[in-house]
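In case you want the letters, here they are:
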Amino acid sequence: MATQEGRIPVSHIGSLVRPPALIEFLEKEQRGEPYDRDAYDACLTESVAEAVRLQAEAGIDIVSDGEYGKSINWAFYVQNRLNGVERQPMTPEEAADPMSHSIGGRDREAFPEFYGEYDGRVLANALAPMRPVVTGPISYGGQAELQRDIANLKSALAATGGVEGFLPVVAPASALPNARDDHYGDEETLLFALADALHEEYAAIVDAGLHLQIDDAFLPFMYERLVPPMTLAEYRDWAELRIAALNRALEGLPPERTRYHICWGSWNGPHMFDVPMKDIVDIVLKVNAGTYAFEAANPRHEHEWQIWKTARPAEGRRLMPGLIAHSTNVVEHPELVAERLLRYADLVGGETWNGRLPPLMFEVRRDEWTLAGRRHQSAKVEEQALHGQTGGSEMKTNRTVVGVDTAKRVFQLHWVDMETGEIVDLKLTRAKFLEHFANRTPCVVAMEACGGSQHWARELRELGHDPWLLPAKAVRPFVTGNKNDAHDARAIWTAAQMPGIKTVAVKSEEQQGILALHRMRQQLVKFRTAQINGLRGLLTEYGEVMPRGRAGMRRGMAEALERVAERLPAMVIDTLREQWARVGRLDGEIAEIERRIGVWHRGNADSRRIAEIPGVGVLTATAAVAAMGDPAAFRSGREFAAWLGLVPRHDGTGGRVRILGISKRGDRYLRTLLIHGARSVLTHAKAPPEWAVRLAAERQSVNVATVALANKTARTIWALLAHDRVYRADFVSQPA
């Protein structure tokens, strides 16, 4: 947004005190009493205009309509705008349950006297307790009310001039808290249906030229109601699912027009059992919004400003810390507010800020973050459009190239000073590694693509450097003499200068996290297979030959154990049963990992898009998106297929070339998934590709056709991701 140069934009979280005349209408509406609709609309328009005028006069740059067009309860407005949702009275049992209160959990249990007084004072005029009930398919039906709110705010903005507007809306996690689902019967299906409905509301606000604020109080403050009996890890899984649904609702919306707001509840209570920000900050930063708004003056959470020393939003995202507490009736001193401001200003850079206080919004760029004890580095590295695509001579740079041999504790560096020609070999400890690069001008840092290299590449990129990850096989030919750290660093430096060298794309932490889930699942499958084969072999020793496959083992294991129980000692039978029970536990662990992968898949547009390709399921789609990293790292789909090892090897001399079998040089796991998917298409699809069927007949080998189809699938995946397309079975590529 346009503000005075050097001035931090000012905003707030949206809800303002309703004027008395408007409250009369809202209370009648809440009680179901008749009222003059035209008089209400006129009062609402006038109230919004006055609220916007007062906000602009106070120096607020991005103002709201005060949420005047919504119900008195901030989150419940949307329940009246959704088809398929009804508010029904609670049963006596539900109403008697302390957990059914909107303010519940351990805080209520620990401070019963306080909440008894609070309920009598705050809830004295409340209606009979209600809860939302999902009675049918959810869709958005509040366009009339939404367009009314948009029109009122835009009209008020036009009268002020110079300020922008935002409308607060509710997140999927907070729209139907504690809802009873009488329709879907599945929590995930309900959440994503809700996300699809809310997308219509979100998109309408952005399309109207307004900023969108997503309010999500229930996500953090449900912690005290869920933990215990949940563990923190289980609560994080619960929250991750809701963030995935929110990202589904935000698909296609520009991040610079959206902001995500969390809080721990606005009631003036003890808040002793709030979830610490450090336990959820990584989840919050996964929201695809341009600004993250949070409480920074709440006395239970003010100390948490320090987590932003290491927790970093994605490039181009903003922080919006709330610098004035709403959880106290003490008027805070301006100097205290200014101190809070300076904490965050120091975190995002040392600029001198002008204008009024308290600014509440900061733009946080990657190159403005400092690491504790290191010099601030804000130089931007010039982007190379061809870097990571073609490599070699096209990656030539006039910047210094530093070769780095990484290890657990010691890092060996090698470079040639471009001005003096001095050859430098430097050994650094792990603690000094990033400090060294924080204090030097931007350069190319070449490393082998090995364990930990992705982490260091991300850290170096945030310091303004350009990390190149080189495959180990590309470095090995340049190691001369006896192998040691100095020779390895020199070999990496030399390999980085070579024409045609290919680099490995730097992946995000989220992509690496999904790959970690796949690796853990793969390991558990290996354990399960070994366990089953071990049991199969032991039972064979006693004449029990089990059917092939896990399904056959499940069908026959109980009877086999009963038969051998008559002949073997009890301790052996007990051990065999324990080993078989371990297979069941492994089944459960594998299923849980697959569920988490599925949640991520449903919240990721790229993964869902490529899952439309025949032969590509959830596992293949998520693994492909995470393993590929940036599609621009490959010049074409053929290069991506070659990287996966789905192309033939060849052997040639004297101008004669022999084509051999597939190379198997790339990602074995993803290649295996693609081949299994292709085999499934050829053997089970109602209409497999004609060319693949013809190839199998001509070559008299289903395996050849299977690999060819897997190669085609890999090229299609790259094309969809690189060109942001959807899958079309009838698509015919055109020559460039």
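Higher on the page you've got the structure.
All figures in this text were calculated on a predicted structure; none of them were measured in a lab.

### A word on the overall build of the protein
And then number 1: On a plain count of helices and strands, the protein comes out with 26 helices and 17 strands.
And then number 2: Counting contacts in the protein only where the partners sit at least 6 residues apart, residues at least 24 apart contribute 70% of the total.
And then number 3: In the form shown here, the protein has an accessible surface area of approximately 36,400 Å², with 53% of it arising from carbon and sulfur atoms.

### Considering empty space enclosed by the protein
And then number 1: As enumerated under the stated definition, the model contains two cavities of 30 Å³ or more in all.
And then number 2: Approximately 40 Å³ is the volume found for the second largest cavity.
And then number 3: What lines the second largest cavity is simply Trp264, Met277, Phe294, Glu295, His301, Glu302, Glu304, Trp305, Ile307, Trp308 and Tyr344.
And then number 4: Of the residues that constitute the lining of the second largest cavity, the class distribution is seven nonpolar, one polar and three charged.

### Describing the pattern of salt bridges
And then number 1: Taken as a whole, this structure holds 39 salt bridges when the rule is applied.
And then number 2: Three or more residues are tied together by salt bridges with common partners; here these are Glu188, Asp237, Glu592, Arg595, Arg596 and Arg602.

### Observations regarding the sheet that holds strand β13 (residues 423-429)
And then number 1: Strand order in this open sheet of five strands is β13-β12-β11-β14-β15, and the pairing throughout is mixed. Of all the strands in the sheet, just β13 and β15 (466-470) have a single pairing partner and so form its edges. Taken over all neighbouring pairs, the strand axes of this sheet differ in orientation by 25° on average, direction set aside.
And then number 2: Strand direction decides the pairing type here: strand β14 (residues 444-448) and β15, joined by five bridges, are parallel. When the bridges of β15 are listed, Val444 appears paired with Asp466.
And then number 3: Docked against the sheet, helix α14 (residues 430-438) engages β11 (401-405), β12 (410-416), β13 and β14, running at close to 130° with respect to β13.
And then number 4: Across the sheet, helix α15 (residues 453-462) lies against β12, β14 and β15, angled at about 175° from β14, the strand it touches most.

### What about the pairing of strand β8 (residues 291-295)?
And then number 1: Across the five residues of β8, five count as buried, placing the element largely inside the fold.
And then number 2: Residue alternation in β8 divides its side chains into two sets, Thr291, Ala293 and Glu295 and Tyr292 and Phe294, and both sets are buried.
And then number 3: Where strand β7 (residues 258-261) meets β8, three bridges bridge the pair, whose relative direction is parallel. Residue pairing for β8: His261 is matched across the bridge by Ala293.
And then number 4: When β8 meets strand β9 (residues 318-322), the two strands line up parallel, connected through five bridges. Paired with Glu295 across the two strands is Gly322, which belongs to β9.

### Some words on the nonpolar core
And then number 1: Within the largest apolar cluster, 99 residues are counted, with the highest numbers of intra-cluster contacts made by Tyr202, Tyr260 and Trp308.
And then number 2: Beyond its immediate chain neighbours, meaning those up to four positions away, Tyr202 contacts Val169, Val170, Ala171, Pro172, Leu212, Ile214, Leu246, Ala249, Leu250 and Leu253.

### Remarks on unusual backbone geometry
And then number 1: For the bond running from Val227 to Pro228, omega is -15°, close enough to zero to count as cis.
And then number 2: Its location among the elements puts Pro228 in the loop between α10 (223-226) and α11 (232-249).
And then number 3: For the bond from Pro228 to Pro229, the omega torsion is 10°, close enough to zero to count as cis.
And then number 4: Mapped onto the secondary structure, Pro229 falls in the loop between α10 and α11.
And then number 5: With a phi angle near 60°, Glu67 is a residue other than glycine that sits in the positive phi range.
And then number 6: Take Glu67: it is sitting in the loop between β1 (62-64) and β2 (82-89).
And then number 7: A positive phi is found at His271, a non-glycine position, where the angle reads about 60°.
And then number 8: Looking at the element boundaries, His271 is found in the loop between β7 and α12 (281-284).

### A few points about the sheet that holds β2
And then number 1: In spatial order, the strands read β2-β3-β5; together these three strands make up an open sheet with mixed pairing. On the outer flanks of this sheet lie β2 and β5 (180-181), each paired with one strand and no other.
And then number 2: Bridge count for β2 against strand β3 (residues 130-140) is seven bridges, and the pairing is antiparallel. Considered in β3, the bridge of Pro89 is made with Met130.
And then number 3: Each of β2, β3 and β5 is contacted by helix α8 (residues 187-207), which is oriented at about 70° to β3, the strand it contacts most.

### Digging into the packing of α14 against α15
For any two helices packed against each other, the geometry comes down to the angle between their axes and how far apart the axes lie.
And then number 1: At a closest axis distance of 9 Å, the pairing of α14 and α15 adopts a crossing angle of 35°. Handedness of the α14/α15 crossing: right-handed. Contacts from Arg430, Phe433, Leu434 and Phe437 in α14 reach Trp456, Glu459 and Leu460 in α15.
And then number 2: Of the residues in the contact of α14 with α15, the class split is five nonpolar, no polar and two charged.

### What about the packing of aromatic side chains?
And then number 1: Tallying each qualifying case throughout the model produces 16 aromatic pairs.
And then number 2: Measuring from centroid to centroid gives 5.7 Å for Tyr235 and Trp238, while their planes differ by 20°, and the two rings are stacked. One end of the pair is Tyr235 and the other is Trp238, both in helix α11 and three residues apart, which spans about a single turn. Residue Tyr235 shares its accessibility class with Trp238, and that shared class is buried.
And then number 3: By way of ring pairs, the aromatic residues Phe411, Phe433, Phe437 and Trp456 are connected into one cluster.

### Points about α14
Because an α-helix completes one turn every 3.6 residues, residues spaced three or four positions apart along the sequence face the same direction.
And then number 1: Those residues of α14 lying buried are Phe433, Leu434, His436, Phe437 and Ala438.
And then number 2: Next to the buried residues of α14 lie β11, β12, β13, β14 and α15.

### A look at the pairing of β11
Regular strands place side chains that alternate from one sheet face to the opposite one.
And then number 1: Counting buried residues in β11 gives five out of five residues, a clear majority hidden from the surface.
And then number 2: Of the two faces of β11, the one lined by Val401, Gly403 and Asp405 and the one lined by Val402 and Val404 are each fully buried.
And then number 3: Taken together, the four bridges between β11 and β14 define a ladder with parallel strand orientation. Each bridged residue has a counterpart across the sheet, and for Gly403 the counterpart in β14 is Ala446.
And then number 4: Direction of pairing for β11 relative to β12: antiparallel, over a ladder of four bridges. Pairing of Asp405 across the sheet is with Gln412, part of β12.
And then number 5: Here β11 hands over to β12 after four residues, the two strands then running antiparallel side by side.

### Considerations on the side chain of Ser47
And then number 1: With respect to the helices, strands and loops of the structure, Ser47 is situated in helix α2 (residues 37-57).
And then number 2: What makes Ser47 buried here is its relative accessible area of 9%.
And then number 3: For Ser47, the contacting residues outside a window of four places in its chain are Pro19, Leu22 and Tyr68.

Reading the values: the criteria
Residues numbered from 1 in each chain as written. Predicted model: local features only at pLDDT ≥ 70, side-chain atom pairs only at ≥ 80, totals over all residues. Heavy atoms only, no water. Helix = DSSP H or I, 4+ residues; strand = E, 2+ residues; numbered from the N terminus. Contact = heavy atoms within 4.5 Å. Areas by Shrake-Rupley, 256 points an atom, 1.4 Å probe, with all protein chains shown as cover. 1 Å grid on protein atoms, 1.4 Å probe; cavity = no way out; pocket = protein on both sides within 12 Å on 5 of 7 lines; lining within 4 Å. Points joined across faces, edges and corners; volume = space filled by probe spheres on them. Nonpolar A, V, L, I, M, F, W, Y, C, P; charged D, E, K, R; others polar. Salt bridge = Lys/Arg side-chain N within 4 Å of Asp/Glu carboxyl O. Pairing = 2+ DSSP bridges. Axes fitted to C-alpha atoms, helices over the stretch in contact; angles between N-to-C directions. Buried < 20%, exposed > 50% of the residue type's maximum accessible area, 1.4 Å probe, protein only. Core = buried A, V, L, I, M, F, W, Y, C linked by side-chain atoms within 4.5 Å. Left-handed = near helix turned anticlockwise from the far one by under 90°. Phe/Tyr/Trp six-rings, centres within 6.5 Å; stacked < 30°, edge-to-face > 60°.

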